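Each chain is listed here by its residues.
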Amino acid sequence: MAQQRLLSKVGFSGLSARSGPLAFGLTNLLRAVIVDDDPSHLNLTSVLPVPDGTGLDAVEAAVGVLLERHESLRTTYRIAPGIGPDTVQLVAGEGTLDLLLVEAGGDPNETAVVLARELRTGGFDLEADLPVRLAVVLSGGAPALLVCVVCHTAMDATSWEILVEEWAALMDGRELPAPAALQPIDVVALEERPSVRRLTESSLSYWEARMRAVPQAAFALPGLTDPAEKDWHHTGLRIVSDRAAEHLGRIAERTGVSRSVITLAAFGALVARRVAEPDCAITSLSANRVVKELRGYFGTLAQDAVLLLDTAAPETFDQLARECRAEAMRAYRASWFDPIRAWEVINGVGAQRGISFARDLVFNDMSALGKGAGGPAGRRFPAVRTLGEEKARGDYDDTLDLRLEPLPAELVPSRLVLIAHRLEDRLDLGLWADPQVLPAEEAAEFGRSFVRLLAEAADGDLPLDRLPALTGLTPVRRGEDWVRSDRCWIDLAAVRRLAAEALGDRPHLVLAEPDERLGHRLVCHLAADPAAPADPTAPTAPADPAETAETADPAGVHRRMLDLLPGRPSAITPQWYVVHTGPVPDAAGADVAAAWRALPVLTEGPGR
């Protein structure tokens, strides 16, 4: 039977209407929403309970209270190109919000989750519409559940918990405390304080240092497709174990390292094992409530913290955990920054190194959510958050006390994402893996290896050279054309494909030469003159003089290759370009490199 749907409206008026510039965290999220092809995964979605006997008027009144308390929920934007300084947030003092009413006609919870996924799909028109979508699921005409979809520009995970807590209080008839003193517009003035400016400026220095040291991609592996043609919907795996939480506690007690950081260290160790690369760059999300004025703040402050974890230097897991703690502290301190300037740093260093940094590995500790009124979250990020305990399904391994539950595909624009939902009384993780880098069976083995690692490390300081015996993860094997260059694994064939696309018919050859500093230095030899047609009598279109000049100039070639580089994890641009005059070598095999090197040189340089 078709669901009956009606539309109501929640109005608000007499509130403060104001406008102003954007703080850093909001700028960062607004940029992400705008540049993303499908920002649905940036819509935070909840199914919230409505107590029996609560009327629709009480639900509408509670929604009105939330709109009144939190300016971010009634904010639109005037967006300048590039989220420039002329971008303005506009807080509405009056208006209405649609409230969809849906009769369940069956199980209200099932109806709510289906409806939540429906409302979560598609981005918000942030210049015209408020960043909230609401629906009430009715059971026999009475409100049973509230479906709430909020754009990430209006709240981050910490604020999400505030929303859940306040909804529970309103439904219980409890009085709410005064809202936080600062609203999103007010954070801009806070960021202008000298102490905060020093912090955010130092963050940019940290990011520059890390971007000069990180591998371009965690998953520079044979056989990956171009992400431009890629579907980023990945299936997930829920990893649940009560015993593993006990093991986490024992490791934490012995090392003094938090459960969250131990989880992060184990994640890095296993990824490094899988990709056969000791340097592991992990993006961890940071809430950024680092000053007292931001406690209880509702809005978006969260930004990325990037960690570079060297898994080869420590000899034991305890050492790795402690080094991970030190690196995490540095990274989290540097997670409050001007995102526009940060991207200038990332792109600037990338152009100098000839890389395009890939946000392949993401860790998000959301275990603090659900410790309040709502209790543990059920179905959770990146899909729909419901409240209350949810029994884990899937295969159970009695030996490991481990249950692995497959989860439906979600839009996750990273190669591998680990989300910590619970770490105290139970280990409850969500692993979202690109099947090209971790197929379903290997993802399951990743989960089993994770639990085995914690079990062994709980019994004593685990030598990391024992890690291979604990895991069924097979390290990737790279062919003879793969070399390390500037901390990156690269496939010489992929670099040559990149050069061919950038240079077209112009004769060229890319070589990898041993280099003490870089490991291998990539050198692109190219002809000063474009290739002549195979048939001199055939008609040809006249060459574009500007394009011809650009592809004979090291700086021009480098720019063209950089433009084509994103989405090619196993290619970087050459570090040196040599433009030759004279006839193009027709030698083959081993002689071709010597033939190119023997040609007269017109010009050469790094192209930077």
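Treat the numbers as computed from the prediction; the structure is a model and nothing was measured.

The rules behind the values
Residues numbered from 1 in each chain as written. Predicted model: local features only at pLDDT ≥ 70, side-chain atom pairs only at ≥ 80, totals over all residues. Heavy atoms only, no water. Buried < 20%, exposed > 50% of the residue type's maximum accessible area, 1.4 Å probe, protein only. Helix = DSSP H or I, 4+ residues; strand = E, 2+ residues; numbered from the N terminus. Pairing = 2+ DSSP bridges. Axes fitted to C-alpha atoms, helices over the stretch in contact; angles between N-to-C directions. Parallel < 35°, antiparallel > 145°, perpendicular 65-115°, else oblique. Contact = heavy atoms within 4.5 Å. Nonpolar A, V, L, I, M, F, W, Y, C, P; charged D, E, K, R; others polar. pLDDT = per-residue confidence, 0-100. Salt bridge = Lys/Arg side-chain N within 4 Å of Asp/Glu carboxyl O. Left-handed = near helix turned anticlockwise from the far one by under 90°. Core = buried A, V, L, I, M, F, W, Y, C linked by side-chain atoms within 4.5 Å.

Asker: Describe the pairing of strand β11 (residues 303-310), listing the residues and the values that go with them.
Answerer: The two faces of the sheet receive side chains in turn, since in a regular strand these alternate between them. For β11, a buried count of 7 out of 8 residues is recorded, marking the element as mostly surrounded by other parts of the structure. Across 8 bridges, strand β10 (residues 279-286) lies against β11 in antiparallel orientation. Counted as the bridge partner of Ser 286 is Gln 303 from β11.

Asker: Account for the packing of helix α8 (residues 259-275) against helix α9 (residues 317-333), naming residues and giving values.
Answerer: Running from amino to carboxyl end, α8 crosses α9 at an angle of 110°, the nearest separation of the two axes being 9 Å. When the interaxial angle is binned, α8 and α9 end up roughly perpendicular. When α8 is examined against α9, the residues Val 261, Ile 262, Leu 264, Ala 265, Ala 266 and Ala 269 are found in contact with a partner set consisting of Phe 317, Leu 320, Ala 321, Cys 324, Arg 325, Ala 328 and Tyr 332. Grouping the constituent residues of the contact of α8 with α9 by class yields 12 nonpolar, no polar and 1 charged.

Asker: Requested: an account of the confidence of the model for the chain, with residues and values cited.
Answerer: Considering every residue of the chain, the mean pLDDT works out to 91; 92% of them sit at 70 or more. Contacts for the low-pLDDT stretch residues 373-381, under 50 throughout, to residues beyond four places or in other chains number 33 contacts. A low-confidence stretch, residues 532-543 (pLDDT under 50), is modelled with 2 contacts involving residues beyond four sequence positions or located in other chains.

Asker: Quick one: what's the story with the pattern of salt bridges, residue by residue and with numbers?
Answerer: Enumeration according to the criterion identifies 35 salt bridges in this entry. A salt bridge links Arg 117 to Glu 410; the nearest nitrogen and oxygen atoms lie 2.6 Å apart. Taken as a pair, Arg 117 in helix α3 (residues 108-120) and Glu 410 in strand β15 (residues 402-411) lie far apart in primary sequence, 293 residues in all. Judged by relative accessible area, which is 4%, Glu 410 ranks as buried.

Asker: Lay out the packing of helix α6 (residues 194-211) against helix α10 (residues 339-353) with the relevant residues and their values.
Answerer: It is at 9 Å that the axes of α6 and α10 come closest, and there the two elements cross at 25°. Considered as vectors, α6 and α10 are oriented roughly parallel to each other. Helix-helix and strand crossings are classified by hand; for α6 and α10 the assignment is right-handed. Here Glu 201, Leu 204, Trp 207, Glu 208 and Met 211 of α6 lie close against α10, whose contacting residues are Arg 341, Ala 342, Val 345, Ile 346, Val 349 and Arg 353.

Asker: Let's hear about the environment of Asp 125: which residues, and what values?
Answerer: By secondary structure assignment, the location of Asp 125 is in the loop between α3 and β7 (132-139). Residue Asp 125 is classed as partly exposed on the basis of its relative accessible area, which comes to 40%. In the structure, Asp 125 is positioned 198 residues away from Glu 323 in sequence and 44 Å away in space, judged by C-alpha atoms.

Asker: Quick rundown of the nonpolar core? Include the residues and the values.
Answerer: In terms of nonpolar packing, the biggest core is built from 77 residues, with Phe 317 and Phe 450 touching the most fellow members. Per-element tally for this core: the top contributor is α8, with 10 residues. Not counting residues up to four positions away in its chain, the partners in contact with Phe 450 are Thr 263, Ala 266, Phe 267, Leu 270, Leu 418, Leu 427 and Leu 429. Grouped together as the second largest cluster of nonpolar side chains are 41 residues, Leu 44, Val 59, Leu 97 and Leu 163 included.

Asker: So what about the sheet that holds strand β23 (residues 601-605)? Which residues, and what values?
Answerer: The mixed open sheet is built from 4 strands, whose spatial order is β20-β21-β22-β23. A single partner strand is all that each edge strand has here, and the edge strands are β20 (508-515) and β23. Neighbour-to-neighbour, the strand axes of the sheet open up by a mean angle of 20°, direction not taken into account. The sheet contact formed by β20 and strand β21 (residues 519-527) spans 8 bridges and is antiparallel. From the neighbouring strand, Val 510 faces β21, where its bridge partner is Cys 524.

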